Every structure is written in C-alpha cells, then in structure tokens.
Amino acid sequence: MLTVHKLEVAYGGIKAVKGIDLTVGRGEVVALIGANGAGKSSTLKALSGLLKPSAGRIDYDGAEITGKPAYHLVRRGLAMVPEGRGVFPRLTVVENLAMGAYIHDDKAAITRDFDRAYTLFPRLAERRAQPAGTLSGGEQQMLAMARALMCRPRLLLLDEPSMGLAPLMVQKIFETVRAVAAEGVTMLLVEQNAKLALETCDRGYVMESGVIVLADNAKTLLSSPQVRQAYLGE
Amino acid sequence: MNATQTRWRWLLWVAVALLLLAAPFLIEATLGRAWVRIADVALLFIMLALGLNIVVGFAGLLDLGYIAFFAVGAYCYALLASPQLAIHWPFLVLLPLGAMVAAVFGILLGAPTLRLRGDYLAIVTLGFGEIIRVLLNNLNRPVNITNGPQGITLIDPLQIGGFSLAQTHSFAGLTFTALHSYYFVFLACAVVSIIISRRLEDSRIGRAWVAIREDELAAASMGINTRNMKLLAFAMGATFGGVAGGLFASFQGFISPESFHLIDSIMVLCMVVLGGMGNVAGVVLGAVLLTALPEALRYIGPLQQRWFGEVFIDPSDLRMLLFGLALVLMMLFRPSGIWPARRRTAENVTERMTEKRHASG
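Fair warning: this is a prediction, and the values are worked out from it, not measured in the lab. (Residues numbered from 1 in each chain as written. Chains lettered and ligands numbered in written order. Predicted model: local features only at pLDDT ≥ 70, side-chain atom pairs only at ≥ 80, totals over all residues.)

Our focus in this paragraph is the overall build of chain A. A tally of helices and strands in chain A yields 10 helices and 10 strands. The C-alpha atoms of chain A give a radius of gyration of 17 Å, which matches the 17 Å a tight globule of 234 residues would have. Taken along its principal axes, the extent of the C-alpha atoms in chain A is 45 × 40 × 30 Å. Taking all 234 residues of chain A together, the buried fraction comes to 50%. (Helix = DSSP H or I, 4+ residues; strand = E, 2+ residues; numbered from the N terminus. Rg over C-alpha atoms; globule rule 2.2 N^0.38 Å. Buried ≥ 20, exposed ≤ 12 C-beta atoms within 10 Å, placed from the backbone.)

Here you go:
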C-alpha cells in the first residue's frame with residue numbers, strides 16, 4: 001500500500017533521514033521505532049505531506065505521492081495523527097471530530113462516523129461538549145485518533161501515540177490502536193516505547209540516526225539481542 | 001423556535017431597521033450635523049473592522065498593516081475619479097475594481113508571509129502598511145501619480161445614475177444633505193458586510209479558518225489547504241478594506257497618505273479586539289464605540305472651560321489617556337472583548353447540522 005524508496009529529508013543542510021526504504025502492506029500494522037532524533041517523526045511528516053522530502057520516492061496506493069501536500073493526501077485516504085496530539089484546544093470534542101470530517105459532506109455517513117468514534121472511545125462521548133484543551137493527555141490522544149478516523153483513512157500514520165502519557169494510559173491507547181487495526185485500517189506508527197509498539201504490530205523497522213538498521217517481524221525483533229539491549233533495557 | 005418567538009424576532013428586526021433608517025435625522029435633530037458625519041465615519045469603520053476581523057478574528061493572523069488596504073481602495077478610487085489623472089470612471093465600476101485591487105494586494109501581502117505566525121507576522125504586516133504609505137507619499141516623482149504628500153483633491157462624489165450624493169435632495173418632506181445620502185449608502189454597504197461576515201463564519205471556509213487559527217499543522221492534516229485558506233482570508237479581509245477605502249475617498253473628496261498611518265491600523269485592530277474578536281456583533285459594537293467615544297470626549301474641553309474657567313487637560317491628551325486606560329481595563333477584566341465570540345456548545349453544533357440536513361434534504 002505504501003512503498004518508500006531511498007527517502008531523504010533535510011532541514012537546511014542537515015539530513016535527518018538519510019535514504020530509507022520501507023513498505024507497509026494493506027491491512028498491516030507496522031512500527032517504526034528508534035531513539036530520540038533518529039528521524040522517525042521527520043519520516044512520518046514526509047509521508048503525510050507536511051514536509052517535502054529532499055530526495056527519494058514515495059508510492060501510495062499505486063501512485064507516486066512524493067512531495068504532494070497533506071490536504072491532497074488526506075483526500076486520498078492517508079491521514080495522520082500529529083505528534084503531541086494537535087487537538088484544537090478551544091473547540092469542543094464534537095467540534096474537533098466535525099473538523100476531522102472536513103473533507104466529507106455526506107451528512108448521513110458523517111453521523112455514522114460520529115457513532116463509530118463514540119463506540120470506539122466511549123470516554124469521548126461523555127465529554128463531547130467539553131473543550132478539548134480541558135481533556136487529560138490520554139483523552140486528547142484518543143480524540144486525535146478519533147478525529148483522524150473521521151477522515152475515513154485507509155492508511156493511518158500515528159506519531160508517538162504514547163508520548164507524555166501515564167503508563168496506564170499508554171496501555172489504553174495501545175488497546176485502541178489494536179481496536180482500530182481490527183477495523184481493517186492499515187497503520188504505520190512511530191514509537192519510542194519499543195516493547196509496546198512491537199507487541200502491537202505485525203512488523204517493525206528500527207531507525208538510528210537517519211537510517212534503518214533493522215527490519216523484521218515484530219516477534220523476531222522483540223527477541224533480537226540488538227533490540228533488547230538498545231531499546232528494552234536488558 | 002416557536003411561532004411567537006419568531007414573530008417577536010421579526011418585530012425586533014423591523015424596529016432595528018426603522019431605527020437605523022431614521023438615525024441620521026434623529027441624530028441631526030438631537031446632537032447636531034457634526035454627529036451625522038460621525039455616524040457616516042462609524043459605518044466605514046464597521047466595514048474596516050469586519051474586514052480585519054476576518055483576518056485576525058476568524059483566521060487568527062495578526063495584521064498590523066490593515067489600513068494599507070483601505071489606502072489602496074481609496075487611492076484606486078481617487079486616481080480614477082478625479083482631475084489628478086483626468087480620469088472620471090463611474091462609481092459602480094470603481095467600487096468592485098477597488099475591491100479587486102485590494103484583494104490582489106491582500107494576496108501580495110499573504111503570499112510571502114505564509115510561514116509566519118504571531119509576532120513575526122505582525123512585524124511583516126506592519127512593514128507592509130508602512131511601505132504602502134511611503135510609496136503613496138513618494139509616487140509623485142519622476143512621474144506624478146499620487147501627488148505625494150499633497151494628496152489628491154476634487155475627487156468625484158458618488159453618483160448613481162444621474163443622482164449625485166454630493167447635492168442636497170428633498171424627498172417626502174425630508175432634506176437629504178450629502179451627509180444623509182452617504183449615510184444610507186454606507187449603511188447598505190455595512191449591512192452587506194455584516195451578512196457576508198456571518199455567512200463566512202458559518203461556512204466550510206469559516207471552519208477551515210477556525211482550524212488554522214487553533215492549530216495549523218492539525219488543520220493541514222484534516223485535509224485543509226492551509227495555504228489557499230490563509231490567502232483567501234487576506235484577500236477577503238482586504239476586499240472589505242478596499243471597498244471602505246473607495247467610499248471614504250468619494251465621501252471626503254480629498255485623501256492624502258496622512259490618513260493611512262500605523263495608528264489607524266492599530267485603531268481598527270482595537271475595535272476588533274475591544275469589541276470581541278471573532279464575533280461579528282462585537283466587532284460592530286467596537287467600531288461604533290471607538291468612533292463615537294473620542295468624539296464625545298471632545299466636549300470635555302468646553303466643559304472644563306465652563307466649570308473651571310480654564311482648560312486643564314487638553315481633550316486630545318485626555319482621549320489617548322482614557323483610551324489607554326480603557327484598553328488596560330478591558331484586557332484585565334474582559335480579555336475576550338465586550339461582546340465575546342459565542343462559545344459554541346455541542347448542542348447548537350448538532351442543531352445546526354440537523355438544520356442543514358433538513359435544508360439540503
């Protein structure tokens with residue numbers, strides 16, 4: 001579904017991503033793990049069209065999308081949950097979700113999307129009239145995910161869903177990642193929490209200073225001595 | 001809403017409309033001719049403030065050079081309807097033309113500032129405002145276009161068909177001086193501006209602006225074309241300024257670069273902020289208050305003279321003093337304006353969605 005070939009991302013003269021290859025197949029949930037500053041978020045931003053890659057090629061759904069702007073990609077079913085959640089703090093939960101449906105105008109289907117969001121995240125239904133800024137971090141993350149689902153994505157990019165959340169909340173968020181995956185949404189998620197990410201995903205890539213150093217099944221990666229030592233603290 | 005409420009609402013609107021139509025005559029009878037003029041100016045400022053509200057209130061882009069669009073509109077009208085270039089185009093051509101030229105300038109300002117936000121955007125827009133003013137001041141050499149600091153005089157008054165607004169007309173026992181006639185034209189334009197603002201606010205475009213204001217990155221990942229939407233905000237805002245500028249030029253009959261200073265940009269911004277950023281009604285209120293109050297304070301001088309036999313404080317000093325004080329107090333006690341933007345609750349969002357569903361279904 002997504003094929004990345006020799007992707008490079010540079011900020012000025014500094015290369016954050018130095019020619020990586022990765023693929024995500026239809027229905028797969030793939031993790032991109034690595035330490036701070038490894039280039040994970042830059043990769044994701046380039047994939048979602050928020051950053052223009054300096055070199056390389058991205059194919060999505062059988063067509064090249066390199067350098068296409070985000071608003072174009074969202075319409076083609078490639079949505080992203082930005083790092084740090086990026087909910088609209090002064091808008092209510094309902095308004096945030098309605099904003100997620102911006103590209104759609106079929107009212108009946110949007111109502112169904114709302115129902116689905118509230119079934120997936122009952123917590124959001126309770127807080128629907130509350131401004132998003134007053135939600136807890138975990139709830140905001142739920143809202144960000146629910147809002148991205150309102151675009152009806154076929155491929156969802158998640159940037160550090162566990163960032164800055166309490167351990168219990170992190171567990172909850174990953175449960176919802178699994179729930180969303182069970183709905184048949186293909187996902188690529190970037191994480192620092194390697195253990196949880198690999199336990200949730202089918203496959204994983206390990207990134208270090210701008211290059212992919214390991215790529216394998218999630219199970220194999222979890223038991224690989226290299227990963228255990230570097231990311232699982234063993 | 002039930003039938004009686006709807007009827008009351010209608011009655012209220014009719015009363016407001018009648019009051020607005022009678023206003024210039026009532027004002028003249030009670031406060032004098034000078035206040036009719038102030039009412040005219042207030043209507044122009046309503047248009048300006050509504051235009052700036054689109055940029056600042058709706059899209060959240062701080063613009064400190066907004067008066068430049070007013071200047072562009074005014075000069076566009078003045079140059080093409082005065083002896084300056086010996087061109088006298090009709091008003092009905094010049095008004096849309098002025099709006100379009102201002103919109104182009106809005107995009108000219110918007111395009112290079114797309115990546116800027118907050119303070120940085122404010123600085124660039126401030127510079128833009130100054131560039132326009134300095135340009136107008138110096139475009140008298142080598143070829144005299146704007147007549148420099150002397151400004152342009154003898155600008156044609158508004159003329160619709162054979163009806164010149166500059167002359168005094170009598171109709172139904174009422175005397176319409178130029179001030180009265182302009183009042184009605186400005187009123188019509190202000191009402192149209194209000195309607196456009198309200199429609200924009202509730203549209204898809206309005207929602208896109210809200211998203212950009214709240215979080216631009218998130219807005220982009222919702223599928224909003226942030227670049228075009230920001231340019232549209234600048235262009236729409238500038239359009240209001242351009243129309244108001246053209247009307248102003250014809251109303252005054254004389255314009256010079258001195259009418260378009262930074263302080264005027266700030267004044268319009270104050271109207272928006274003080275009234276209630278993002279709320280159309282609040283912005284209108286802000287524009288009226290900030291036009292009328294300084295004028296009202298002029299009476300302080302004669303009052304001092306009468307009570308104390310001499311003028312202790314120069315009214316114009318006092319005006320700025322009180323104005324500053326009012327702003328500080330506002331920011332302390334009502335930071336979102338006198339009439340803040342309505343906090344939309346979940347209820348009325350869903351209500352509006354169902355309303356629309358019925359309307360479209």
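Along its length, chain B carries 14 helices and 6 strands. Here the C-alpha atoms of chain B give a radius of gyration of 22 Å, agreeing with the 21 Å that 2.2 N^0.38 yields for 361 residues. For chain B, the C-alpha atoms occupy an extent of roughly 60 × 55 × 50 Å along the three principal directions. Burial status across chain B gives 42% buried among its 361 residues. Once local pairs closer than 6 in sequence are excluded, the contacts in chain B between residues at least 24 apart make up 74%. (Contact = placed C-beta atoms within 7 Å.)

Attention now goes to the packing of helix H2 (residues 33–58) of chain B against helix H9 (residues 226–252) of chain B. All names here are of chain B. Look at H2 against H9: their axes get within 8 Å of each other, and the N-to-C directions meet at 165°. When the interaxial angle is binned, H2 and H9 end up roughly antiparallel. The crossing of H2 and H9 is left-handed. Facing Asp 40, Leu 44, Met 47, Leu 48, Leu 50, Gly 51, Leu 52, Ile 54, Val 55 and Phe 58 of H2, the residues of H9 in contact are Ala 233, Phe 234, Met 236, Gly 237, Phe 240, Gly 241, Val 243, Ala 244, Leu 247, Phe 248 and Phe 251. Class assignment of the residues belonging to the contact of H2 with H9 gives a composition of 17 nonpolar, 3 polar and 1 charged. (Axes fitted to C-alpha atoms, helices over the stretch in contact; angles between N-to-C directions. Parallel < 35°, antiparallel > 145°, perpendicular 65-115°, else oblique. Left-handed = near helix turned anticlockwise from the far one by under 90°. Nonpolar A, V, L, I, M, F, W, Y, C, P; charged D, E, K, R; others polar.)

Residues and elements named next belong to chain B. Where helix H4 (residues 91–110) meets H9, the closest approach of the two axes is 7 Å, and the angle between their N-to-C directions is 140°. What the angle tells us is that H4 and H9 run oblique. Crossing handedness for the pair H4 and H9: right-handed. Grouping the amino acids of the contact of H4 with H9 by side-chain chemistry returns 15 nonpolar, 10 polar and 1 charged.

Now for the sheet that holds strand E1 (residues 2–11) of chain A. All names here are of chain A. The strand order E2-E1-E4-E5 describes an open sheet built from 4 strands, whose pairing is antiparallel. The two strands at the open ends of the sheet, each matched to only one other strand, are strand E2 (14–24) and strand E5 (63–64). In terms of strand pairing, strand E4 (residues 55–60) meets E5 through 2 bridges, oriented antiparallel. When the bridges of E5 are listed, Tyr 60 appears paired with Ala 63. Each of E1, E2 and E4 is contacted by helix H1 (residues 40–48), which is oriented at about 115° to E1, the strand it contacts most. (Pairing = 2+ DSSP bridges.)

What follows concerns the pairing of E2(A). Residues and elements named next belong to chain A. By the bridge criterion, 8 bridges tie E1 to E2 in an arrangement that is antiparallel. Pairing of Ala 10 across the sheet is with Lys 15, part of E2. Connecting E1 to the next strand, E2, in antiparallel fashion are 2 residues, including Gly 12 with a positive phi near 60°.

Quick look at the environment of Gln167(B) now. Residues and elements named next belong to chain B. The topology assignment puts Gln 167 in the loop between strand E4 (163–164) and strand E5 (169–171). Overall, the presence of 12 C-beta atoms within 10 Å leaves Gln 167 in the exposed class. Placed 29 residues apart in sequence, Gln 167 and Ile 196 show a C-alpha to C-alpha distance of 31 Å.

Residues and elements named next belong to chain B. Residues Ala 49 and Ala 233 are the most contacted members of the largest nonpolar core, which totals 180 residues. Here this core takes 17 residues from H2, the largest share from any one element. When near neighbours in sequence (up to four residues on either side) are disregarded, Ala 233 contacts Ile 54, Val 55, Phe 58, Ala 59, Leu 61 and Trp 209. (Core = buried A, V, L, I, M, F, W, Y, C linked by C-beta atoms within 7 Å.)

In this complex, chain B contributes 18 residues to the contact, which on the side of chain A involves 26 residues. Taken together, the elements giving at least two residues each to the side of chain B that touches chain A come down to helix H7 (204–214), helix H8 (216–221) and helix H14 (346–360) of chain B. Taken together, the residues of the side of chain B that touches chain A sort by class into 8 nonpolar, 5 polar and 5 charged.

Here we come to the sheet that holds strand E6 (residues 78–81) of chain A. Strand pairing in a sheet is mediated by backbone hydrogen bonds. Such pairs are either parallel or antiparallel. Residues and elements named next belong to chain A. Spatially, the 6 strands line up as an open sheet ordered E6-E7-E8-E3-E9-E10, and their pairing is mixed. Two strands in the sheet have a free side with no partner beyond their single neighbour: E6 and strand E10 (211–217). Here the average twist between neighbouring strands, direction ignored, is 15°. Pairing of strand E9 (residues 203–208) with E10 involves 6 bridges; the strand directions are antiparallel.

Everything listed here is a matter of geometry and, on its own, says nothing about what the molecule does.
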